[in-house]
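Structure at a glance
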Amino acid sequence: MRTRFMRKGVYVALMLAFALVAAACGGGTNETTTSTAATGGTETTTTTTAAPGASTTTTTEPAGMPGEGVKVGMAYDIGGRGDKSFNDSAAAGLDRAKEEFGIEVQELEPTAGGENREENLRLLAEGGFDPIFAIGFAFAEGVDRVAQDFPDTTFAIVDSVVEQPNVLSLVFAEHEGSALVGAAAALKSQTGTIGFIGGVNIGLINKFEAGYRFGAEYVKPDIEILSTYLTEPPDFSGFNDPAKGKEAALAMFEQGADVVYHAAGGSGTGLFQAAKEFTEQGGSKVWGIGVDSDQYNTVDPELRDYVMTSMLKRVDVAVYTTIKNFVEEVPQDPITVFDVKADGVGYSTSGGFVDDIVPQLEELKQKIIDGMVTVPDTLE
């Protein structure tokens with residue numbers, strides 16, 4: 001029996017079954033792949049069905065490790081593994097857990113428009129995966145429905161709170177991490193103008209901008225801040241449109257911004273492309289600030305010199321910690337907030353471009369931790 005988490009003092013227990021699942025890839029029609037693997041002298045056969053239009057990846061690890069028998073499902077949002085940002089951060093946590101605990105993993109990616117998010121959750125639940133991660137707030141309604149249909153399965157959603165007894169809500173203090181990179185932008189700016197690009201104009205992304213503005217104005221009250229959002233809901237393509245991200249960034253550089261921060265998922269690649277192009281054509285150095293992952297390490301090598309820093313939203317920490325607690329049968333709170341104090345958000349120093357201002361950033365960080373500075377999480 002494995003204890004998932006405690007809600008109102010009641011432990012929920014479940015029995016986990018062991019299987020080896022083969023990789024499957026979704027296309028325009030359902031595809032079924034069956035594989036047989038020898039394990040300890042016996043054979044295990046598993047069949048996995050992929051959703052129409054979905055991309056799937058299934059991997060297994062050798063028996064005899066702490067996570068033997070634990071099947072972890074992960075449903076990515078638009079952009080999937082390889083977006084070099086939000087989804088990749090989640091994937092990093094999953095990869096670490098797989099290596100350390102030997103869990104079995106299946107990953108599903110949605111169609112381009114994300115219409116089958118809920119279907120992917122159901123496929124994982126029907127396949128016996130437990131826990132199942134939903135990477136992104138857009139899964140909230142789907143998680144709420146599927147969790148009720150599979151009450152003995154643990155679901156974990158990133159960036160949203162779903163109040164069901166078998167759902168873990170993993171949320172972040174994005175505004176606190178954004179305050180740190182906002183301070184970095186203002187301190188490093190030579191023109192006195194910086195910018196912010198949001199993927200979609202929604203409350204969650206407004207938190208990034210609110211923190212960014214606060215941090216910049218905290219260290220330089222007269223800083224000018226440009227802001228734009230790539231799309232308005234219900235159009236969420238702003239999280240996966242590098243061309244639009246590049247266009248928006250070039251416009252800001254033309255207006256005098258020399259540091260621009262993005263909270264736009266896969267569209268952020270366009271920001272760094274724009275920084276490189278503008279710098280090479282204009283002669284004056286401009287910078288981009290990444291988000292979620294340390295984007296200095298995820299962008300193409302020729303773009304690294306334009307990634308000043310990144311706001312680290314440690315989705316990898318949230319995913320890894322949740323799996324670790326599950327494997328070790330540690331009770332988990334229904335809602336966990338990953339803030340600066342918990343090392344859930346922060347900033348990167350890869351490339352050494354902010355080394356000269358680290359003392360100032362650390363001073364602000366400590367004030368946030370100590371409660372001496374309160375960062376707003378909404379725009380005024």
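Residues numbered from 1 in each chain as written. Predicted model: local features only at pLDDT ≥ 70, side-chain atom pairs only at ≥ 80, totals over all residues. Heavy atoms only, no water.

A short note on the sheet that holds strand S17 (residues 345–347)
Filter applied, for reference: At least two DSSP bridges between two strands are needed for those strands to be called paired. Only runs of H or I of at least four residues qualify as helices and only runs of E of at least two qualify as strands under DSSP, and these elements are numbered from the N terminus. Between the N-to-C directions of two axes lies an angle of 0 to 180 degrees, each axis being a line fitted to C-alpha atoms and, for a helix, fitted only over the stretch in contact.
Across the sheet, six strands lie side by side as S12-S11-S13-S14-S15-S17; this open sheet has mixed pairing. For this open sheet the edge positions go to strand S12 (224–231) and S17, each flanked by a neighbour on one side alone. If you compare each strand with its neighbour and ignore which way they point, the axes differ by 15° on average. Looking at chain direction, strand S11 (residues 193–200) and strand S13 (residues 259–263) are connected through five bridges and run parallel. The residue bridging Gly195 from the neighbouring strand is Val260, located in S13.

With respect to the environment of Val146
Mapped onto the elements of the fold, Val146 is located in helix H3 (residues 140–149). On a C-alpha basis, the gap between Val146 and Glu119 in space is 9.1 Å, while along the polypeptide they are 27 residues apart.

Points about H3
For clarity, the cut-off: For every residue, the accessible area (1.4 Å probe, protein chains only) is compared with the maximum for its type, and the residue is labelled buried under 20%, exposed over 50%, or partly exposed between those bounds. Along the arc lie the directions from the helix axis toward the C-beta atoms. Here, residues are in contact when the closest pair of their heavy atoms is within 4.5 Å.
Within H3, burial applies to Ala140, Gly142, Val143, Val146 and Ala147. End-on, the buried residues of H3 take up no more than an arc of 150°, which puts them together on one face. Buried residues along H3 sit against helix H2 (117–126), strand S8 (132–135), strand S9 (155–158) and strand S10 (167–172).

A look at the environment of Asp343
Secondary-structure assignment places Asp343 in the loop between strand S16 (335–338) and S17. Assessed through its relative accessible area of 43%, Asp343 is described here as partly exposed. Taking the C-alpha atoms as reference points, Asp343 and Arg314, separated by 29 residues in sequence, lie 7.7 Å from one another.

Section: empty space enclosed by the protein
Selection criterion: The definitions used throughout rest on a 1 Å grid laid over the protein atoms alone, on which a cavity is an enclosed set of points accommodating a 1.4 Å probe that cannot get out and a pocket is an open set flanked by protein within 12 Å on both sides along at least five of seven lines; lining residues are those having an atom within 4 Å of a point. Grid points are joined across faces, edges and corners, and a volume is the space filled by probe spheres set on the points. For this classification, the nonpolar set comprises Ala, Val, Leu, Ile, Met, Phe, Trp, Tyr, Cys and Pro, the charged set comprises Asp, Glu, Lys and Arg, and every other residue, Gly included, is treated as polar.
If you walk through the whole model with that rule in mind, you get one cavity of 30 Å³ or more. The computed volume of the largest cavity comes to approximately 300 Å³. Forming the boundary of the largest cavity are 22 residues, of which Asp77, Phe86, Phe137, Phe239 and Gly265 lie nearest the centre. Elements with a contribution of two residues or more to the lining of the largest cavity: helix H1 (86–101), helix H5 (203–219) and strand S14 (287–292). With three residues, the top contributor of residues to the lining of the largest cavity is H5. Tallied by class, the residues present in the lining of the largest cavity amount to twelve nonpolar, four polar and six charged.

What to know about the confidence of the model for the protein chain
Rules: As a per-residue measure, pLDDT tells how confident the predictor is, with possible values from 0 to 100.
Overall, the prediction assigns the protein chain a mean pLDDT of 87, with 83% of residues at 70 or greater. Predicted confidence for residues 1–53 stays below pLDDT 50, and this span has 145 contacts to residues more than four positions away or in other chains.

Quick notes on the packing of aromatic side chains
For any two aromatic rings, the description comes down to two numbers: the centre-to-centre distance and the angle of the planes. Threshold: Aromatic pairing here means that ring centres of Phe, Tyr or Trp (its six-membered ring) are within 6.5 Å. Orientation follows from the plane angle: under 30 degrees is stacked, over 60 is edge-to-face, and everything else is tilted.
All told, the structure shown has twelve aromatic pairs when counted by the stated rule. Relative to Phe278, the ring of Phe253 lies with its centre 5.6 Å away and its plane at 35°, an arrangement referred to as tilted. With Phe253 in helix H6 (residues 242–254) and Phe278 in helix H7 (residues 268–282), this residue pair connects regions lying 25 residues apart in the sequence. Considered together, Phe253 and Phe278 belong to a single accessibility category, that of buried residues.

Comments concerning the pairing of S9
Consecutive residues of a regular strand have side chains that alternate between opposite faces of the sheet. How we decide: The handedness rule is simple: strands pointing away from the viewer, and a clockwise path from the first strand over the helix to the second, make the crossover right-handed.
By the alternation rule, side chains of S9 split into Phe155 and Ile157 and Ala156 and Val158, which are all buried. Looking at chain direction, S8 and S9 are connected through four bridges and run parallel. The residue of S9 that forms the bridge with Ile132 is Phe155. As a crossover connection, the stretch from S8 through H3 into S9 is right-handed. Where S9 meets S10, four bridges bridge the pair, whose relative direction is parallel. Each bridged residue has a counterpart across the sheet, and for Ala156 the counterpart in S10 is Leu168.

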